[in-house]
Every structure is written in structure tokens, then in C-alpha cells.
Amino acid sequence: MIRIARADLDWLLPAGADLDVVTAAWDNGTLAPIPVGRLWDAIQLPKHLGWPTLNCLHRARHSVGASLQGSSYFYVLVPPGGAAIWKAPATVALSWGDKLAVPDPAQQVPLTPNARTWVIPPRLPLTLSNPTALRAAYQAARREAQPGI
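Quick summary incoming for the structure in this document. (Residues numbered from 1 in each chain as written. Predicted model: local features only at pLDDT ≥ 70, side-chain atom pairs only at ≥ 80, totals over all residues. Heavy atoms only, no water.)

In this section: the overall build of the protein. Check the secondary structure of the protein and you find four helices and seven strands. Overall, the protein shows an N-to-C arrangement of helices and strands of α-α-β-β-α-β-β-β-β-β-α. Along the first, second and third principal axes, the C-alpha set of the protein runs to 50 × 30 × 25 Å. Counting every position in the protein, which comprises 149 residues, the buried fraction comes to 46%. Relative to all contacts within the protein whose residues are 6 or more apart in sequence, the contacts with residues 24 or more apart total 72%. The averaged location of the 9 negative side-chain charges in the protein is 11 Å from the averaged location of its 13 positive side-chain charges. (Helix = DSSP H or I, 4+ residues; strand = E, 2+ residues; numbered from the N terminus. Buried < 20%, exposed > 50% of the residue type's maximum accessible area, 1.4 Å probe, protein only. Contact = heavy atoms within 4.5 Å. Lys, Arg positive; Asp, Glu negative; His and termini not counted. Charge placed at Lys NZ, Arg CZ, Asp CG, Glu CD.)

Following this line, the structure appears as C-alpha cells:
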């Protein structure tokens, strides 16, 4: 059985998560469904552009918030309402009514159980990426990956 630190759970209640479901999933080594839209929205990026996007955010001196990588996608958490203003090719904005399956926050890069791992785990006070800065960083990462687009 995994012992989950209380600090790793503090962000779950304001997010609207069912702690019993979450801790049971994490104790079993599986992903837990966390509601999106209350505490944060999520932006799904193509996996190959996830790290380059975070690097562009960092280079531009913007906060890099909680984020995780999956086998095909990369997710960046943004403030609630950030999904409503999100428009970028090959991405998906997740918001109210959506759920995101996430690993225990102790599962951080380079660990990748269940094909998902936290790059920057969520902890209170929660650091989220600015969606406008994220979109600019994503577009810069796309241009660097494919000059001419």
C-alpha cells in the first residue's frame, strides 16, 4: 500500500474530487479521475510539443504550472475559464464536466506508471500556467518544430 502525503491531497477537495475514489485508485497503482473546471482547466497538447512548450514558457519567464505527460498527450493546468479562451491547432481544452485521469503526485518524471506521470505535480498553493502565455509558447514550439507554419 502506498502512503500518500497529506500535502499531496490538499488540492483534491477544492477540485471536487472524491477522496475515497482517488486514494483507492492511487493505493492500487492506477489513475484517478479528477474533475476539471472548478480549481483548474486543462489543455491537452500533442506529446511531442509538451516539453518544447514548457521550455518556451520558461524562456519567456512565465510561470510553468502543474503539468503531466501521457503516452500520446501532454496536459498543462490553467486557471478555470482558461479553456473557454483556448484556440490552438491539434489541442483540446478540458473544462467543467470533464475529468482528467491522473497518477499520484508522487509519480513524477521520469517515473511513468500507467503511461502518465507528473512533470510538475499539483500542490497548494497551486501554480497554474497562464493560458495566453501558454498559447504563445505552444505556437513558438510548433514553429521551432516545423519552421514555416
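The end-to-end C-alpha distance of helix α3 (residues 47–59) is 19 Å, a good match for the 18 Å that 13 residues give at a rise of 1.5 Å each. Among all positions of α3, only L49, G50, T53, L54, C56 and L57 are buried. Taken down its axis, α3 places every buried residue within 160° of arc, on the same side. Facing away from the buried side of α3 by more than 90 degrees, the exposed set consists of H48, H58 and R59. Check the buried side of α3 and you find it contacts β2 (41–46), β3 (67–69), β4 (73–78), β7 (117–120) and α4 (131–145). (Expected span 1.5 Å × (residues − 1). Arc of directions from axis to C-beta.)

So, on to α4. With 15 residues, α4 should cover 21 Å at 1.5 Å per step; its first-to-last C-alpha distance of 20 Å lies within 8% of that length. Turning to α4, its buried residues are P131, A133, L134, R135, A137, Y138, A140 and A141. On its buried face, α4 sits against β2, α3 and β4. The distance from a side-chain oxygen at the start of α4 to the backbone nitrogen of T132 is 2.8 Å, and the residue carrying that oxygen is N130. (Polar contact = N/O pair within 3.5 Å; in protein donor to acceptor, adjacent residues only side chain to side chain.)

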